[in-house]
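Here are the chains, one letter per residue:
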Amino acid sequence: MDCIITIDIGTSAVRVFAFEMNGKAIGFMKGSYPTFHTEPIYSEQDPEQVFITVLYVLKNFLTEKINTKKYKVAAICFSAAMHSVLPVNKNGVPLGNAITWADNRGKKEADDLKKLPLAKTIYDATGTPIHPMSPLIKIAWIKRHDKERFSKTDKFIAIKNYIIQQLTGECVIDYSLASATGLFNIHKLHWDNNALAYAGINADRLPAPVPVFYSLHLRREYQVSLGLPAKTKIIIGASDGCMATLGAGVWGEGKATITIEQSGAVRVAGNKMIRDSKQRFFNYLLTDGYYVSGGPTNNGGVIFEWFAKQFGVFNEAYGIDDSIHTLIKEAMQVPAGADGLLFLPYLLGERAPLWNANARGAYFGLNIKHEQKHFIRATLEGILYELYSIGKILEEHRAFSTLSINGSFASYPLWAQIIADMFGKPVSVNNSYDSIGTGALLLSQTEMGVYRSLEDAAKTVSLQAAYHPNKKDHQVYMKYFSVFEKLSHKLKDEFEEIALLQNL
Amino acid sequence: MSQFFLQQPASGELHPFPHIIELACQKIQHIQLNSFVRRQSAELRFFYITEGKFEWVINGQPFTLYAGDSAVVLPQQEFGSDKGFLDPGTISWIAIQPLQFSKNGQLVLGSWSSIPENECKSIARLLSVNHLPVLSKLGIAGSIFNNLQKEIRGQEIGYSVRVNQLIDELLITVVRHLTRQNNLQRDFPQIFMKLEQALRNNLDHQWLVDEMAVMVGLGTTAFTEKVKNYTGFSPLHYLINIRIAEAIKLLKNTNKSVTDIALGTGFYSSQHFSTTFKKLTGYTPRQFRANNIKKT
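Rules behind the numbers
- Residues numbered from 1 in each chain as written.
- Chains lettered and ligands numbered in written order.
- Predicted model: local features only at pLDDT ≥ 70, side-chain atom pairs only at ≥ 80, totals over all residues.
- Heavy atoms only, no water.
- Helix = DSSP H or I, 4+ residues; strand = E, 2+ residues; numbered from the N terminus.
- Buried < 20%, exposed > 50% of the residue type's maximum accessible area, 1.4 Å probe, protein only.
- Contact = heavy atoms within 4.5 Å.
- Areas by Shrake-Rupley, 256 points an atom, 1.4 Å probe, with all protein chains shown as cover.
- Lys, Arg positive; Asp, Glu negative; His and termini not counted.
- Charge placed at Lys NZ, Arg CZ, Asp CG, Glu CD.
- Axes fitted to C-alpha atoms, helices over the stretch in contact; angles between N-to-C directions.
- Parallel < 35°, antiparallel > 145°, perpendicular 65-115°, else oblique.
- Left-handed = near helix turned anticlockwise from the far one by under 90°.
- Phe/Tyr/Trp six-rings, centres within 6.5 Å; stacked < 30°, edge-to-face > 60°.
- Lys NZ or Arg CZ within 6 Å of the ring centre and 35° of its normal.
- Buried area = accessible area lost by both parts, 1.4 Å probe.
- Salt bridge = Lys/Arg side-chain N within 4 Å of Asp/Glu carboxyl O.
- Nonpolar A, V, L, I, M, F, W, Y, C, P; charged D, E, K, R; others polar.

Digging into the overall build of chain B
Then comes step 1: Tallying secondary structure elements over chain B gives 10 helices and 11 strands in all.
Then comes step 2: Summarising its shape, the C-alpha atoms of chain B cover approximately 80 × 45 × 35 Å along the three principal directions.
Then comes step 3: Expressed as a percentage of the 296 residues in chain B, the buried residues total 52%.
Then comes step 4: Counted over contacts in chain B with a minimum sequence separation of 6, partners at least 24 positions apart contribute 65%.
Then comes step 5: Split by element, the accessible area of chain B, about 13,900 Å² in all, is 51% carbon and sulfur.
Then comes step 6: Averaging the locations of the 30 positively and 23 negatively charged side chains of chain B gives two centres separated by 12 Å.

This is how it looks when you write it as structure tokens:
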């Protein structure tokens, strides 16, 4: 029987899924790789270790779950984390580690560019906010601060491009991943001249952009070592964020999806870019002429984990999941609004909607009646107010009436209910256990003619367990949110001051 | 605990225990100049502070020790106070002479100890990679010292067994506390990162799973399961990922021979390296290198 394999090269791990042609899941395997922080604001990965991990997991997965079960692999489709930059020489050999999305070394470059009118021109053309995360800024940084590496670099590619080049011999980038580089004109589908000029490179120092359905073939050696037929189709695929949106069934107006992993994001999709005057939202291409727009927060589940590590009870070594469960149970004993205790979750600075790396966290409104459980509830609510604040501004551009949520934290019922209550909209939980894998499956099925279009494919995503908003709680949250929102803006000067003192 | 000071060879109480060089509990009421100058320790030393506040330098780093804290000084490490004397307070300590100790994982305690050989290796490695010789709030070490004193002075039947067991217990308590203090036992990703760093720094070492487990402060089975959950690989397979990744870089960027690369990245022979490499990548190391040099 034919099957489809999806490979997601994520921030910390590669996840491989297999599906039958009708979409039924066959199995899953993952393998993780490390991120190095040689300086506090640096965030790097070893491209060879990522490659070996992908290869190793894929090989084990094929051996254990596919080849021995008489499945025949019809296609392999890739997705990957956005914004990575890997300089390679003319032989395609990496010049050092890849710089990942979380790397902030280009903070000054980004700040400087933002002050120029050029910033708006580039944002309008590329759809990517000016931020140290974007390869546009990273390449400019390398040109200024790492001249030797810059001059040796033949091409600046992404980790995903490297893996695919190793496997197939071709160095190409899909429109979707290209659209997250800050260098790609998302309207005209080519590298943008203004952005290239700012970064200080020509288009020939970037991989050639190709559609997300572009397909390639494995090198012969890998056909042999992986036990795959020569005609196995390798579909280049899209970015993880766009795949997750497709996999959540969000297509067209009226729908939004919220992802909460370590970080979080609110996304909508449509055939127009959102031109936010303050450049707060990203616009990434899922495919030609189709945009996934939204805002990312730094402060998702990672903040609740921080709280659990500091104040949770640990009954066994490294038992953080257990500790989080207990905390969530305690939070349920506190009414919506945490009896007036508010939490600003900006422990990691913030991207959308503030775009302020110097923002910091705060508990506000403490009174003598507050107990430890109020802090738990407030922490949780603060993380979700932040997602609401992204959604609220996003709605000024594009209305939505339903929400779907995914990611490891969003699946806690209390989190889902609070999201429903804050937004005052019904919330569904994504049926499939991994929306990125589902997105890649839908894209492959469309490529292979199972569906006529991605739109038809998106419609098949079934959503379950709706959470309905509680009106009374919605009103409570809205009153407190108004204070939350005011605080997050009012404290701008104090954020600067305290960040300066903390010297982070 | 009352004051006492036992030392080889003067103190007869220590004669049945040749491995214990010193065992003492001292209440310092008056400052004695030059009583605690910085010097190199010949033995493995454990201190426990019952009262007072002490400012010491251990292995070149300054530390402030408070009541309830413990300190570990390894053989060849320097310790003492810049002031040259002990501040007022009460401290207990023991100095043990292992038969063998080296930083790359050699620790032979002697036949008196019931800690097995492989665990001793792990302990040595762990003590050596540890950069924080001070353990805060280790009250349990205080009670072990208390019992040691009772046993050695009371000399009741079976006391020689008890004394040695208590030293083993002290050692285990300290080592466990060290891993916990370093990891807080909370953040597996964070401790795993540290372990990964240690693996990279000693890639040519023939790592054993037991050794890795002790660095994280877990038993081997629990450790293997945690690593498998977190990384998707068994500890040794994860190590192979690192080894192959490093080898690939060396193949691409240097002219080192395949044998040198194999041994340098921890494979026990170039044959072993080539087999593992080919199984994973489909290429032999030589083909792989040729392929990456001529390709444009």
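Don't stop here, the text continues.
Side note on unusual backbone geometry
Then comes step 1: A cis amide bond links A352 of chain A with the next residue in sequence, P353 of chain A, at an omega value of -5 degrees.
Then comes step 2: Turning to its location among the elements, P353 of chain A is positioned in the loop between β19 (342-344) and β20 (362-364).
Then comes step 3: Of note, the bond from Q8 of chain B into P9 of chain B is cis; its omega dihedral lies within 30 degrees of zero at -5 degrees.
Then comes step 4: Mapped onto the fold, P9 of chain B is located in the loop between β1 (4-7) and β2 (20-28).

Things to note about the packing of helix α1 (residues 117-129) of chain B against helix α5 (residues 209-216) of chain B
Residue and element names in this part refer to chain B.
Then comes step 1: As a packed pair, α1 and α5 sit with axes 9 Å apart at the nearest point and diverge in direction by 45 degrees. In terms of orientation, α1 lies oblique with respect to α5. When you trace α1 past α5, the crossing you get is right-handed. On the side of α1, the interface is formed by N118, S122, R125, L126 and V129, while α5 contributes D210, E211, V214 and M215.

Comments concerning the packing of aromatic side chains
Then comes step 1: What the rule picks out here adds up to 46 aromatic pairs over all chains.
Then comes step 2: Between F267 of chain B and F273 of chain B, the aromatic rings sit 5.1 Å apart at their centres with planes inclined by 45 degrees, giving tilted as the arrangement.
Then comes step 3: For F273 of chain B, a relative accessible area of 0% translates into the label buried.
Then comes step 4: An aromatic cluster is built from F51 and Y222 of chain A together with F267, F273, F277, Y283 and F288 of chain B, whose rings are joined through pairwise contacts.
Then comes step 5: Here R105 of chain A stacks its cationic end above the ring of Y42 of chain A, 3.7 Å away from the centre of that ring.
Then comes step 6: Against the face of F150 of chain A rests R205 of chain A, its NZ or CZ located 4.5 Å from the ring centre.

Points about the interface of chain B and chain A
How big an interface is tends to be expressed through the accessible area that disappears when the partners come together.
Then comes step 1: Between chain B and chain A, the contact holds 38 residues from the first and 34 residues from the second.
Then comes step 2: Roughly 3,200 Å² is buried in total at the junction of chain B and chain A, and carbon and sulfur atoms are behind 54% of that figure.
Then comes step 3: Applying the counting rule to chain B against chain A returns two salt bridges.
Then comes step 4: Measuring nitrogen to oxygen at the nearest pair gives 3.0 Å for the salt bridge that ties K252 of chain B to E48 of chain A.
Then comes step 5: Counting only elements with at least two residues in the side of chain B that touches chain A, the list comes to α4 (188-201), α6 (220-231), α7 (235-253), α9 (270-281) and α10 (285-294) of chain B.
Then comes step 6: Examining the composition of the side of chain B that touches chain A, we find that 11 residues originate from one element, α7 of chain B, more than from any other.
Then comes step 7: Residue composition of the side of chain B that touches chain A, by class: 16 nonpolar, 12 polar and 10 charged.

Structural notes on the pattern of salt bridges
Should the charged atoms of two oppositely charged side chains come close, the side chains can pair.
All names here are of chain A.
Then comes step 1: Taken as a whole and assessed by the stated rule, the structure comprises 34 salt bridges over all chains.
Then comes step 2: Notably, a salt bridge pairs K107 with D111, separated by 3.4 Å at the nearest N-O pair. Note that K107 and D111 are positioned in helix α2 (residues 107-114) at a spacing of four residues, about one turn of the helix.
Then comes step 3: For D111, a relative accessible area of 32% puts it in the partly exposed group.
Then comes step 4: Two residues, K108 and D112, come together in a salt bridge whose shortest N-O distance is 2.9 Å. Taken together, the residues K108 and D112, both in helix α2 and four residues apart, mark about one turn of the helix.

As far as function goes, none of this settles anything; it's purely spatial.
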